[in-house]
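# Understanding the architecture of this molecule
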Amino acid sequence: MTDPRTYQPSKDALKDRVILITGASDGIGKAVALAAASHGAQVVLHGRSVRKLEAVYDEIVNAGHPRPSILPLDFEKAGPDEYEKLVVALDQEFGRLDGLLHNASMLGERAPIEHHDVAKWMRTMHVNVNAPFILTRTCLPLLKKSADPVILFTSSGVVSNPRPFWGSYLVSKWASDGLMSMLAQELEKQPAMRVNSINPGAVKTNMRLQAYPAEDRSKLREAHTIVAAYLYLLGPDSRGVHGQTINAQ
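Every value quoted in this text rests on a predicted model; they were computed, and no experiment measured them.

## As for empty space enclosed by the protein
Within this structure, the stated rule accounts for 1 cavity of 30 Å³ or more. By volume, the largest cavity amounts to about 50 Å³. Looking at the lining of the largest cavity, the elements that each hand over two or more residues are helix H4 (118-143), strand E5 (150-154) and helix H6 (167-186).

Encoded structure:
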């Protein structure tokens, strides 16, 4: 198997692929969106802030890459109708979906279970687990219209190395990996469909700063330096890779 961390995509590795990236307004999501577009993908940029999404949109267009689409949606507040409208819009514009990257997530409260705020726990679980489930469920018909569909969840190092005081974030990432594994097994009889998780590792993002405010950030990788693994898993070169958790570093 190709090492995703050192994967070198061809210029047109993602040409004409329609890829929805959640949390694309900054951090890893933005870096992956820019890289995917630079390799020919038609990216659909999801986020909460229209202003930030428009900035990513302009960066992609100004670089001469395929014109992206913007999809503002707040996972905390969105109901079934918003998800259905999202799928209808994607179907009308593209007729299919080739890739779905669940990148958006929130850290939530880091506190012992004894003192963890219940509302904050439920909020984190909803954004990190329920929203990816709902989005996957509603997008599956579009993904099945693709000749080479990919669903990619985001894992974390806390899954393989659980530790105290990580609260709802740790539990949500366990749940996310469980959802990936279950879905991968459910779709095994559809050989074209690939479902995996990716662990980005320690990256210089705003969420990382929230989790480790005293950390020496000069030692962290920049988001754009880990996109190779994402491009590999979202593109046709990773055919046959299914039901796995892949490290980006």
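## Comments concerning the pairing of E5
Among the 5 residues of E5, 5 are classified as buried, and the element is accordingly described as predominantly covered. Here E5 shows a buried face lined by Val150, Leu152 and Thr154 and a second buried face lined by Ile151 and Phe153. Since strand E4 (residues 99-101) and E5 lie parallel, the crossover through H4 that links them has a hand, and here it is right-handed. Relative to strand E6 (residues 194-199), E5 is paired through 5 bridges, and the arrangement is parallel. Its bridge partner being in E6, leucine 152 is matched across the sheet by asparagine 196.

## Focus on the layout of surface pockets
Counted as a void, the largest pocket has a volume near 1200 Å³. Lining of the largest pocket is provided by 48 residues; of these, Asn103, Ser105, Met106, Leu107 and Met207 occupy positions nearest its centre. Broken down by secondary-structure element, the contributors of at least two residues to the lining of the largest pocket are helix H1 (27-38), strand E2 (42-47), H4, helix H5 (157-160), H6 and helix H7 (206-211). At 5 residues, the largest contribution of residues to the lining of the largest pocket is made by H7. In terms of residue class, the lining of the largest pocket is built from 16 nonpolar, 20 polar and 12 charged.

## Notes on H6
The end-to-end C-alpha separation of H6 is 29 Å, in line with the 28 Å expected for 20 residues at 1.5 Å each. Within H6, the full set of buried residues consists of Gly167, Ser168, Tyr169, Leu170, Ser172, Lys173, Ser176, Asp177, Leu179, Met180, Leu183 and Ala184. Along its buried surface, H6 packs onto H4, E5, H5, E6, H7 and strand E7 (245-247).

## Overview of the packing of helix H3 (residues 80-94) against H4
Following both chains from N to C, one finds H3 and H4 inclined at 35°, their axes separated by 10 Å at the closest point. Helix-helix and strand crossings are classified by hand; for H3 and H4 the assignment is right-handed. Between H3, through Tyr83, Glu84, Leu86, Val87, Leu90 and Asp91, and H4, the contact on the second element is made entirely by Ala131, Ile134, Leu135, Thr138, Cys139 and Leu142. A per-class count over the contact of H3 with H4 returns 9 nonpolar, 1 polar and 2 charged.

## Overview of helix H2 (residues 50-62)
Along its 13 residues, H2 runs 18 Å from first to last C-alpha, staying within 8% of the 18 Å computed at 1.5 Å per residue. Within the sequence span of H2, burial applies to Leu53, Val56 and Ile60. Take H2 and look down its axis: the buried residues cluster within an arc of 60°, on one side only. Across from the buried face of H2, at angles greater than 90 degrees, the exposed residues are Arg51 and Asn62. Of the surrounding secondary structure, the elements contacted by the buried residues of H2 are H1, E2 and strand E3 (69-72). Phi turns positive one or two residues past the end of H2, at glycine 64, with a value near 85°.

## A closer look at the sheet that holds strand E1 (residues 18-21)
Ordered by their spatial adjacency, 7 strands build an open sheet running E3-E2-E1-E4-E5-E6-E7, and the pairing between neighbours is parallel. The sheet is open, and its two edges are formed by E3 and E7, each paired on a single side. Across the sheet, the mean angle separating the axes of adjacent strands is 20° when strand polarity is ignored. Pairing between E1 and E2: 4 bridges, direction parallel. Note on E2: the bridge partner recorded for leucine 20 is valine 44. Sitting on the sheet, H2 is in contact with E2 and E3, with an inclination near 160° to E2. Those strands touched by H6 are E5, E6 and E7, and its axis lies near 160° from that of E5.

Cut-offs applied
Residues numbered from 1 in each chain as written. Predicted model: local features only at pLDDT ≥ 70, side-chain atom pairs only at ≥ 80, totals over all residues. Heavy atoms only, no water. 1 Å grid on protein atoms, 1.4 Å probe; cavity = no way out; pocket = protein on both sides within 12 Å on 5 of 7 lines; lining within 4 Å. Points joined across faces, edges and corners; volume = space filled by probe spheres on them. Helix = DSSP H or I, 4+ residues; strand = E, 2+ residues; numbered from the N terminus. Buried < 20%, exposed > 50% of the residue type's maximum accessible area, 1.4 Å probe, protein only. Right-handed = clockwise from strand over helix to strand, strands pointing away. Pairing = 2+ DSSP bridges. Nonpolar A, V, L, I, M, F, W, Y, C, P; charged D, E, K, R; others polar. Expected span 1.5 Å × (residues − 1). Contact = heavy atoms within 4.5 Å. Axes fitted to C-alpha atoms, helices over the stretch in contact; angles between N-to-C directions. Left-handed = near helix turned anticlockwise from the far one by under 90°. Arc of directions from axis to C-beta.

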